[in-house]
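What follows is each chain in one-letter form.
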Amino acid sequence: MTVYAPPGTADSLVSVQSRYGHFIGGNWVEPKKGQYFENISPVNGKPFCEVGRGTAEDIEAALDAAHAAAPAWGRTSLAERSLVLNKIADRLEDNLEMLAVAESWENGKAVRETLAADLPLAVDHFRYFAGVLRGQEGSSSEIDENTVAYHFHEPLGVVGQIIPWNFPILMATWKLAPALAAGNAVVLKPAEQTPWSILKVIELIADLLPAGVVNVVNGFGVEAGKPLASSSRIAKIAFTGETTTGRLIMQYASQNIIPVTLELGGKSPNLFFEDVLAERDAFYDKALEGFTMFALNQGEVCTCPSRALVQRSIYSDFVPDAVARVDKIVQGNPLDTATTMGAQASNDQLEKILSYLDIGRQEGAKVLTGGERNVLEGDLAEGYYVAPTIFEGNNAMRIFQEEIFGPVLSLTSFDDEADALKTANDTLYGLGAGLWTRDGSRAYRVGRSIKAGRVWTNCYHQYPAHAAFGGYKQSGIGRENHKMMLDHYQQAKNLQVSY
Ligand code: NAD
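Everything numeric in this text was worked out from a predicted model, so none of it was measured.

### Details of the overall build of the protein chain
- The helix and strand tally for the protein chain stands at 15 helices and 23 strands.
- Overall size of the protein chain, expressed as C-alpha extent along the three principal axes, is 75 × 65 × 40 Å.
- Across the 499 residues in the protein chain, those meeting the buried criterion constitute 52%.
- Summarising the internal contacts of the protein chain: among those between residues at least 6 apart in sequence, 71% fall at separations of at least 24.

### As for the sheet that holds strand β13 (residues 269–272)
- The strand order β15-β16-β17-β14-β13-β19-β20 describes an open sheet built from seven strands, whose pairing is mixed. With one partner strand each, in any of the chains shown, β15 (366–369) and β20 (454–457) form the two edges of the open sheet. Sheet twist, expressed as the average angle between the axes of neighbouring strands with direction ignored, equals 25 degrees.
- In this sheet, β20 lies alongside strand β19 (residues 432–436) in parallel orientation, the contact comprising four bridges. For G432, the partnering residue across the bridge sits in β20 and is R454.
- Packing of helix α13 (residues 417–425) onto the sheet brings it into contact with β13, β14 (307–311), β17 (408–414) and β19, and relative to β17 it is tilted by some 150 degrees.

### Focus: the sheet that holds strand β1 (residues 19–20)
- Across the sheet, three strands lie side by side as β1-β5-β4; this open sheet has mixed pairing. Looking along the sheet, the strands with just one partner apiece sit at the ends: β1 and β4 (36–41).
- Of the strand pairs in this sheet, β1 and strand β5 (residues 46–52) are connected by two bridges, and their pairing is parallel. Across the sheet, residue Y20 finds its bridge partner in β5, namely V51.

### What about the UniProt feature "active site" (unreviewed entry) in the protein chain?
- When the UniProt feature table is mapped onto this chain numbering, "active site" (unreviewed entry) sits at E263.
- With respect to the helices, strands and loops of the structure, E263 is situated in strand β12 (residues 260–263).
- Each residue touching E263, except ones within four places of it in the same chain, is listed here: T240, C302, G470, G471, G476 and E480.

### A look at the environment of A465
- One can find A465 in the loop between β20 and β21 (472–473).
- Each C-alpha atom of the pair A465 and F126 lies 9.1 Å from the other, and the pair is 339 residues apart in sequence.
- Apart from residues lying up to four places away in sequence, A465 is in contact with D124, H125, Y128 and N481.

### Here's the deal with helix α8 (residues 243–256)
- For α8, built from 14 residues, the straight-helix expectation of 20 Å at 1.5 Å per residue is met to within 8% by its first-to-last C-alpha distance of 21 Å.
- Within α8, the full set of buried residues consists of T245, G246, I249, Y252 and A253. The arc that holds the buried residues of α8, viewed along the axis, is 120 degrees, so those residues lie on one side. Turned more than 90 degrees away from the buried face of α8, the exposed residues are T244, R247, Q251, S254 and Q255.
- The inward-facing, buried residues of α8 contact α7 (221–229), β11 (237–240), β12 and β22 (476–477).
- Of the residues one or two after α8, I257 is the one with positive phi, at around 50 degrees.

### What about the domain arrangement of the protein chain?
- You can read the domains of the protein chain as domain 1 (19–264 + 475–493) and domain 2 (269–457).
- Taking only C-alpha atoms, the centre of domain 1 and the centre of domain 2 are 31 Å apart.
- Contacts between the two partners involve 21 residues from domain 1 and, on the opposite side, 25 residues from domain 2.
- When contributions to the side of domain 1 that touches domain 2 are tallied by element, the ones reaching two or more residues are α3 (96–107) and α4 (111–134).
- For the side of domain 1 that touches domain 2, a count of residues per class yields seven nonpolar, nine polar and five charged.

Cut-off values and rules
Residues numbered from 1 in each chain as written. Predicted model: local features only at pLDDT ≥ 70, side-chain atom pairs only at ≥ 80, totals over all residues. Helix = DSSP H or I, 4+ residues; strand = E, 2+ residues; numbered from the N terminus. Buried ≥ 20, exposed ≤ 12 C-beta atoms within 10 Å, placed from the backbone. Contact = placed C-beta atoms within 7 Å. Pairing = 2+ DSSP bridges. Axes fitted to C-alpha atoms, helices over the stretch in contact; angles between N-to-C directions. UniProt positions renumbered as here; feature names shortened; annotations may be inferred. Expected span 1.5 Å × (residues − 1). Arc of directions from axis to C-beta. Domains from an automatic or database assignment. Nonpolar A, V, L, I, M, F, W, Y, C, P; charged D, E, K, R; others polar.

What follows is the structure, given as structure tokens:
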């Protein structure tokens, strides 16, 4: 097991400057208003650098740079763009350990996950879009004997992208890779809680991109995000974040009639049918592991299976086993590879989760494990740790209906398949879902009937680049991942020529 040194300390893999500006037109620039904000590590609750506090003027400067760069980038050949994306992937892979430590330090997540999942997925995402790009062909069709229609894919031009804090590097990658592959220039606004790990990525890859093709403006939602999303100078806004913010983004975009991609919140159900307990074998063990997935990434995952539904006939046997498995989660220093669960990403998020622990109790839900802040020892005492928590209650409760975005599971039972589906679909959201059964036809039937964009059967939390990802209902509009993203970042141009 390894315990990584905190970034900025003598033995660390990761250097830290005291201040970071924006990245605009290939240069590191000061914020126009000269203001900075503190970046705090949730690992110990202490500030570790300052980051530029962007405003509309910084967004304008970034849009100038992006517009200057977009035409030439959009004219590069597929082969050239593909090569750049592959070089970015290689550069990230060569520095994977450094970036994994940076992301854990800034976000609070366990470094074993950033090493094994977040960063490898980010690398693969660039490789995937470098590959599918090469297969994108235009076409032509004859309208009559003298007229031919040509179908082209044209870049949109300059696009805006706004991302959250839960997977800073991966969320940036999900946005950047397809937009760049499709030939666009980008203005990206990271979340104010986690700007730095993305800036570490930019430091690494800046020389691989023409100036102005990727621009990063840091700052807060209303001050920097709103001027970007409401600008008439972007051709698309791609947003990941809360459903309430997504509604605002749609309003801003409607002023300019531009397309939106919205990846929003979730309240994903995880269904355990009685046959999982037919035997206490490897399958059962996997199902128990699937139950603990609500605490992956400290529960700060949009597809977090935050509602568990267990068939009544096995409830009294299954639940004690499942709670015992949750109690094996090792919460501790995120930079220790032995740790399986780290800190919540910010103090605001900590407070929000603690308030839901109160709400759950007030609603009459029963705490089966956890239920409070976890104060760790020594340097970590001021960090933002919450014990993995299981509430037993019913689907009408707020803790079953509202996205908590923390390691808090709301557990209830169901009678049969119809009852399970009714409860699973009784939510505003429709992003992810899980179901566990040994019965293949039930897996298919129930999987098709859950109203969610991603249903995992007998597995959970896998995000291959080629699998379309996105939400039904108030979990969003559009998809990410999958080669269809190239179309989402391009115009379909039809040119008809009469010869
Ligand atoms: P958030 O909506 O508060 O913030 C997301 C981003 O939007 C941040 O960069 C923020 O600065 C910016 N923002 C806030 N207000 C804005 C405004 N008025 N105009 C423009 N930009 C604004 O969300 P969050 O708390 O950072 O992230 C957590 C949420 O993200 C959860 O709801 C989670 O489910 C969701 N999420 C969804 C997916 C998905 O793929 N569906 C993935 C990850 C996270």
